[in-house]
Structures are given as C-alpha cells and as structure tokens.
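Structural overview for review
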Amino acid sequence: MGLRINETAPDFTAETTHGKINFHEWIGDGWAVLFSHPKNFTPVCTTELGTMAGLAGEFAKRGAKIIGISVDPVESHDKWKDDIKKATGHSVEYPLIGDRDLKIAKLYDMLPAGAGETSEGRTPADNQTVRSVFVIAPDKKVKLILTYPMTTGRNFQEILRAIDSIQLTAKHLVATPADWKQGEDVIITAAVSNEDATKRFGAYDTILPYLRKTKQPGAPA
C-alpha cells in the first residue's frame, strides 16, 4: 500500500551533502519539504534545484526546512551543485540526500520493491517516478504529496501556497477555496455551526447552505 496523506512520514538515516542525518531528528519541531529527483545532471531537475535554492528564504519564513533527494551518490551531488549554480545563479545550500541503494525511493513508494538495489546503470527513465514532493508537518505526518512527470518542471510557488493553506487550516476551522492566496477569503468548515461561525469570525457570507465564506483569520484589515 502506498504512502498516504496524514500517515507518518517514514523515518530513515542517510548520507547527505551535509553529512549523515536521521530524517525525523533533522525535521525537529518544524515543517519539512522533501523533493525527489530521478537522476543527477538532468535538465529539468537542474532548474528545480536552483529555483528551490532561490526560494529558501520563503520556505524559512514558514518554518519549513527543505531537503532534496536523488538516487545518485552524494559525491555526484557535490559536482551537480556547480552546474546548478551556473544554470540558475543560485547556490544549493540545503542538504541533498544520496540514495544510491534506492532504499528511500522505495520507502516512500516512489519505486517498486523489485527496482533493484543500486542506482548504477539506471537511466532517468528507469527512475521517472522519483519525482515527488512531500510536505511534512511538525508531528511528522505527511500533509501533501505531489508527483510530476519528468518533462514538467515543478511549480514551487504552488507548494508555498499549499503550505500557507495547510498551516492556516491547522490553526482555524477553515478551508481554502480553489486558487486561494494569502489574505483572500476562506471557507468556514462544516464543523462550525452558524451561531459559532458568528462568534468565531464575525460577519460571513452564505453562498450555499454548505458554502460559507469569511475573511481570512489573522489577515491584515
């Protein structure tokens, strides 16, 4: 059975460009974003790693650590970082996990158990399913899973937007509508009665009996 939202993110120990880590210990009491790659020195992934490096400050504002993983060894990651800086202008300062034995890719259900035990001799096409993003909460539960094809670069602004929504809705009895962004109106969840909604949020609009909108809690007036 595959990994699902609200299940505990599998823990592991691995070598990274920052040394050996235990994943849950590394996450600590904050949020984490784990994003995976099928092979080093691939064009789309090169742009993604650089883009993520450029957005490191935005993730930090949200209390989210970022960490990448590729099935290639750590020594290869160190060489790849030079190409990433050349191509994107951003230096990769966050850790990159080496998964040469494919254990973590399998642990996170990105490769089947029968995929072998080494990254050597494998092509990007062999590993094309290792293209996922996992957002993990401080309680180590998986809150978001996105998987992309190799030819489609990931939209990290969408991942930031999703983290904003996940963090907001963890604190308040609200949900966020399609295309929501910080500061826009939110949806009052069905768990809140009309009477309680008035107490909690003040004024709100009833669009449908099951769809009530209100101002985002905590948003600037």
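Going by the structure above, here's the rest.
Residue indices follow the written sequence of each chain, beginning from 1 at its first position. Predicted model: local features are reported for residues with pLDDT of at least 70 only, side-chain atom pairs are reported and counted for 80 or more only, and whole-chain, interface and lining totals are derived from all residues. Processing note: side-chain calculations cover all non-hydrogen atoms of the structure and skip hydrogens and water entirely.

**A short note on the sheet that holds strand S9 (residues 186-188)**
Any two strands are treated as partners once DSSP identifies two or more bridges connecting them. Helical segments are the DSSP runs of H or I of at least four residues, strand segments are the runs of E of at least two, and each set is numbered from the N terminus. Taken together, four strands build an open sheet; the order of strands is S8-S9-S11-S10 and the sheet is antiparallel. The open sheet has two edge strands with one neighbour each: strand S8 (174-175) and strand S10 (205-208). Where S9 lies against strand S11 (residues 211-214), three bridges are found, and the strand directions are antiparallel. Residue pairing in the sheet places Val186 in a bridge with Thr214 of S11.

**Focus: the pairing of strand S4 (residues 64-70)**
Along S4, six of the seven residues are buried, which leaves the element largely enclosed by surrounding structure. For strand S3 (residues 31-37) and S4, the ladder comprises seven bridges, and the chain directions are parallel. Bridging across to S4, Trp31 finds its partner in Ala64. Pairing of S4 with strand S5 (residues 96-98), which is carried by three bridges, proceeds in the parallel orientation. Directly across from Ile69, in S5, lies its bridge partner Ile97. Relative accessibility thresholds used throughout: buried, under 20% of the residue-type maximum; exposed, over 50%; partly exposed, between the two (1.4 Å probe, protein chains only).

**What about the packing of aromatic side chains?**
Centre-to-centre distance and the angle between the planes together describe a pair of aromatic rings. Pairing of aromatic side chains here covers Phe, Tyr and the six-membered ring of Trp, requires ring centres within 6.5 Å, and sorts the geometry by plane angle: under 30 degrees stacked, over 60 edge-to-face, intermediate tilted. Throughout the structure, instances matching the rule amount to seven aromatic pairs. Centroid distance Phe12 to Tyr108: 6.2 Å. Interplanar angle 80°. Geometry classified as edge-to-face. Within this pair, whereas Phe12 is found in the segment before strand S1 (13-16), its partner Tyr108 is found in the loop between helix H5 (103-107) and strand S6 (132-136), the two being separated by 96 residues in sequence. Tyr108 matches Phe12 in its accessibility class, with the two residues each being buried. Note on Phe23 and Trp26: the rings are 6.2 Å apart at their centroids and 10° apart in plane angle, and the pair reads as stacked. With a gap of three residues between them, Phe23 and Trp26 both fall in helix H1 (residues 23-27), about one helical turn apart. As far as burial versus exposure is concerned, Phe23 and Trp26 are alike and both buried. What links up through ring pairs into an aromatic cluster is the set Phe12, Phe23, Trp26, Tyr108 and Phe134. Criterion for a charge above a ring: Lys NZ or Arg CZ within 6 Å of the ring centre, and within 35 degrees of the ring normal. The ring of Trp26 carries Lys65 above its face, with NZ or CZ at 5.0 Å from the centroid.

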